[in-house]
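Each chain, letter by letter, is given below.
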Amino acid sequence: MAIGALLSAGLAMATSPVHAEEPTTEELIVNGGFEDGLTGWFVNNGNPTDGGTLSLTEDAFSGSYAVAVTDRQTTGSGPMQDLSGKVQAGATYTVRARIKYDNPDSPPTKQFFATMHYGGGSYTNVGDVIATRGQWGYINSTFTIPANQSVSTARLFLETPWTSDPGADPDLHLMDFVVDDVSLVGAPPPPPPSRTVEVVGKLPGEHNPLIGHKFGADGFGLVHDGRVYMYMTNDTQGYAPDPETGISPQINYGDINQITVISSTDLVNWVDHGEIQVAGPTGVAPFTNNSWAPGAVTHEVDGEEKTFLYYANGGGSSNVITGDSPLGPWVSQRTSTLINASTPGTEEVAWRFDPAPFIDDDGQAYLYFGGGPASTSMPPEERFNNPKNLRGIRLTDDLVNTEGSAFVVDAPVAFEAAHVFKRGDLYYLTYSSHFGGADFGGNQPRVPGYPGSGQIGYLISDDPTVWDKDTYAGVIFPNQSEFFGAGTGGNNHQSVFEYEGKYYFTYHAPTLNKRITGNQTQGYRSPHIQELTFNEDGTAVQVVGTYAGVEQVRDFDPYRTFEAETLGWSKGIATAPVDVESAEFGPDAPNLAVTDVDHGDWTALSSVAFGESGAASVTARVRPLQEGAQIQVRTGSETGPVLGTIDVAGPVGEWSDVSAALTGATGTHDVFFTYTGPEGDLMELDSWEFTEATGEPTLDVTVTADTRCVVGRAVLTVRANNGEDRPVTVEADTAYGSTVFTDLGPERGASHAFTTRQASLPAGDVDVTLSADGVSVPVTVPYAARSCG
């Protein structure tokens, strides 16, 4: 019986069905039934000859509308939808579509294809149907994208079979047709790799790199209305760290079409204004593909002040967009690039990029640009030492056109990154030197004193249009690897700006990249600033790159509403645009929030000036993502004394204001906001506001004065007990002497006895001064009369 029971059990187990978990699938086509008009659809434009017209028709298979395709120029001219980022190599998909044609002059049946275009000449038919004239044909096919197929570009379209000369018989090859109910079902798009920098990339106390939560290269400083704006190539755009190793593939400059903007009034705490979508199909200037090495100026044109943002469109050309302010909004006044092969005087320039604007005191504007391999018409030694690959050109009064021919900048060993600034009556042109090689004549003798590889040299002139080799003044900045070590070498790009009477030098280095992955960096660069000083003869003192950076220009004012994405230092957070008006910069400026806030993350501000009265409370504008989160407001470090704790209450998923009272928020401190709570993203933060305490400042210290008799003489004793959670210094002045209790610790007491040498002591007062962290509180302590006779 036991054996039979076991056999029965075994048979039962063997015959029970096993249900494998169904793979997750979803609809990847947007508006496949055309009920939302033509949203998501356009005519296939994979080849220059493709063309046609899409229009809505009520001749639909289902619903109210379908799309009619007319005026086709090629067999591939059909409705297309971009699926880039939605499909995966190696995954399987089902494509469906309804197609009909009615042309009586066309054949009674016609084959139609659903086709995937993976970029270039890579086309694959993934489904087809033989449709009968006047009837709806049905494509219903399953296909698998090859595992080795690149899907960075992926577009689906409907077409008729290819022929080389479709115009020879348009009724056969180019008939009008109608499409409805297009569907592509399969694996959902993979989540984008997290770009959150989890390490502390800018260490507390250090001021370089300027930001630690994202990258930025080719920084260009613009001073406007007391604020420094930094425009940068958005190196973060291609940053995609492996979730296991934390290491990203090498940077791909060809993918960068955004410019990152940050700003500051103290050069240590920087506001992240996010990215400007400059180039690409959805960019401000969609006729450009890339946006590298920006340069910006503000200038009044026709009575209105505008900001002009110049950028490199790859290596071949440069362009400009215009903003109503340094933060936009941005428009393109041009429909073609500003600097290109047709620009006079650039015939021998290989790279017409790195545009840097400069406006002289007389209002004349110039643009400096160029770089790359030297002309092969030069002798090899000249190609190396004096490649003459940089240019300058005058801009018209509107700053969006050039006038005349470009003039040559003969900068020794030049490579790229020409930039001009003025100091007094002298003009300075800084630039980056080349790394040698065949493009620069091969291994040639270097003129003594000329820049080494990858250094920043400079020229000095009394004319912004005259830059010959005799104006060369030396190296203003060696390669960054001399200061930051292995993994930080490579190209560089600089600017100089004057701010409140001092000059500052900007440059980039992959220091954040190094802190993430060690000495083997992947080319992701970060912005840096050093102060620039000059000798009496006008030459520059060579800049030394440091993590310390520049001194903070002023203490941070907390008594206002300011952006939460104002960061002195941070750990583990990211930033992202939000559809909430900027509390600090107004409705026309972009607004970001601090995101990806997890337990243990923190943000911080440098040198916050609470003052003697101190801060009574703090309010945060937050969007809770789950319950149970808190924010501790601390001083000194992420583990420093807690001034107050904010309970992040409010409806989950909705913006609300949360506040906390503060204790001891006096003086000037580095302030850290530390985030705690359950696992997962806790909240998003939009802004902070501190409220100043009213009345006189106080310190929780008890001071008493007592008298007693010792051997017939009166003795006055002063005692102090510290109830603060920090050290306090107590100074006591009496008619019989003074004493100081220096840095009396929390919950500690001290006393001092003064011998008066008097038999009778009249009543009096002790003048006491309490001080801690820049706060000073005077106290008067009385004592009673004492007779010892």
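Residues numbered from 1 in each chain as written. Predicted model: local features only at pLDDT ≥ 70, side-chain atom pairs only at ≥ 80, totals over all residues. Heavy atoms only, no water.

## What to know about empty space enclosed by the protein
Empty space among the atoms becomes apparent when a probe as large as a water molecule is rolled across them.
Okay, so step 1: In this structure the tally under the stated criterion is two cavities of 30 Å³ or more.
Okay, so step 2: Estimates place the volume of the largest cavity at around 60 Å³.
Okay, so step 3: Forming the walls of the largest cavity are R227, S264, T265, D266, N269, V271, F556, R560, F562, T566 and E584.
Okay, so step 4: Class assignment of the residues belonging to the lining of the largest cavity gives a composition of three nonpolar, four polar and four charged.
Okay, so step 5: In this structure, the second largest cavity occupies an estimated 30 Å³ of space.
Okay, so step 6: In terms of lining residues, the second largest cavity is bounded by F220, P294, P355, A356, A417, A418, H419, H493 and Q494.
Okay, so step 7: Ranked by the residues each element gives to the lining of the second largest cavity, the list is headed by strand β24 (residues 414–423), at three residues.
Okay, so step 8: Looking at the lining of the second largest cavity, its residues break down into six nonpolar, three polar and no charged. (1 Å grid on protein atoms, 1.4 Å probe; cavity = no way out; pocket = protein on both sides within 12 Å on 5 of 7 lines; lining within 4 Å. Points joined across faces, edges and corners; volume = space filled by probe spheres on them. Nonpolar A, V, L, I, M, F, W, Y, C, P; charged D, E, K, R; others polar. Helix = DSSP H or I, 4+ residues; strand = E, 2+ residues; numbered from the N terminus.)

## Some points on the layout of surface pockets
Okay, so step 1: Estimated volume of the largest pocket: approximately 650 Å³.
Okay, so step 2: Forming the boundary of the largest pocket are 26 residues, of which K214, G274, E275, T575 and P577 lie nearest the centre.
Okay, so step 3: Of all the elements in the fold, those that place two or more residues in the lining of the largest pocket are β14 (258–264), β15 (270–277) and β34 (574–577).
Okay, so step 4: No other element matches the five residues that β15 contributes to the lining of the largest pocket.
Okay, so step 5: For the lining of the largest pocket, the per-class residue count stands at eleven nonpolar, eleven polar and four charged.

## Overview of the pairing of β24
Okay, so step 1: Among the ten residues that make up β24, eight are buried, leaving the element largely enclosed by the rest of the structure.
Okay, so step 2: Note that β24 and strand β25 (residues 426–433) share seven bridges and pair antiparallel. Bridging across to β25, R423 finds its partner in L426. (Buried < 20%, exposed > 50% of the residue type's maximum accessible area, 1.4 Å probe, protein only. Pairing = 2+ DSSP bridges.)

## Remarks on the sheet that holds strand β47 (residues 749–755)
Okay, so step 1: Spatial ordering of the open sheet is given by β43-β44-β47, a layout of three strands whose pairing is antiparallel. In this open sheet, the two edge strands, each paired with only one partner strand, are β43 (701–710) and β47. Sheet twist, expressed as the mean angle between neighbouring strand axes with direction ignored, is 20°.
Okay, so step 2: As paired strands, β43 and strand β44 (residues 713–722) are joined by ten bridges and run antiparallel to one another. Note that in β44 the partner of D706 across the bridge is T717. (Axes fitted to C-alpha atoms, helices over the stretch in contact; angles between N-to-C directions.)

## Some thoughts on the side chain of R634
Okay, so step 1: Position of R634 among the secondary structure elements: in strand β38 (residues 630–635).
Okay, so step 2: Despite its burial, R634 pairs with no opposite charge; the closest candidate is E638, at 8.4 Å N-O.
Okay, so step 3: Polar contacts involving the side chain of R634 include one to the main-chain carbonyl oxygen of G640, which spans 2.9 Å. (Lys, Arg positive; Asp, Glu negative; His and termini not counted. Salt bridge = Lys/Arg side-chain N within 4 Å of Asp/Glu carboxyl O. Polar contact = N/O pair within 3.5 Å; in protein donor to acceptor, adjacent residues only side chain to side chain.)

## What about the nonpolar core?
Okay, so step 1: By size, the foremost hydrophobic cluster in this structure holds 36 residues, and its most contacted members are V87, Y93, F143, L156 and L184.
Okay, so step 2: Sequence-distant contacts of V87, defined by excluding residues within four places in its chain, comprise L28, Y93, I145, V151, A154 and L184.
Okay, so step 3: If you look at the next biggest cluster of nonpolar residues, it comprises 32 residues, including A564, I573, I631 and A665. (Core = buried A, V, L, I, M, F, W, Y, C linked by side-chain atoms within 4.5 Å. Contact = heavy atoms within 4.5 Å.)

## Considerations on the sheet that holds strand β19 (residues 330–331)
Okay, so step 1: Pairing within the open sheet is antiparallel, and its four strands lie in the order β16-β17-β18-β19. What marks the edges here is a single partner per strand, and that holds for β16 (292–301) and β19.
Okay, so step 2: By the bridge criterion, eight bridges tie β16 to strand β17 (residues 304–313) in an arrangement that is antiparallel. Paired with A296 across the strands is L309, a residue of β17.

## Here's the deal with the environment of E627
Okay, so step 1: Of note, E627 is situated in the loop between β37 (615–624) and β38.
Okay, so step 2: E627 sits 21 residues away from V648 along the chain, and the two C-alpha atoms are 7.6 Å apart.
Okay, so step 3: For E627, the residues in contact, after removing those within four places along its chain, are V652 and P678.

## Details of the confidence of the model for the protein chain
Okay, so step 1: Counting all residues, the mean pLDDT for the protein chain is 94, and 97% of those residues have values of 70 or more.
Okay, so step 2: Contacts of residues 1–21 to residues separated by more than four positions or lying in other chains number zero contacts, the stretch itself having pLDDT below 50. (pLDDT = per-residue confidence, 0-100.)

## Here's the deal with the state of the cysteines
Okay, so step 1: For the structure shown, the criterion picks out one disulfide.
Okay, so step 2: Two residues, C709 and C788, share a disulfide whose sulfurs are 1.9 Å apart. Between C709 and C788 the disulfide shows an S-S torsion of about -90°. By sign, it is left-handed. Here the residue C709 occupies a position in strand β43, and C788 occupies one in the segment after β51 (786–787), the gap between them amounting to 79 residues. (Disulfide = S-S within 2.5 Å.)

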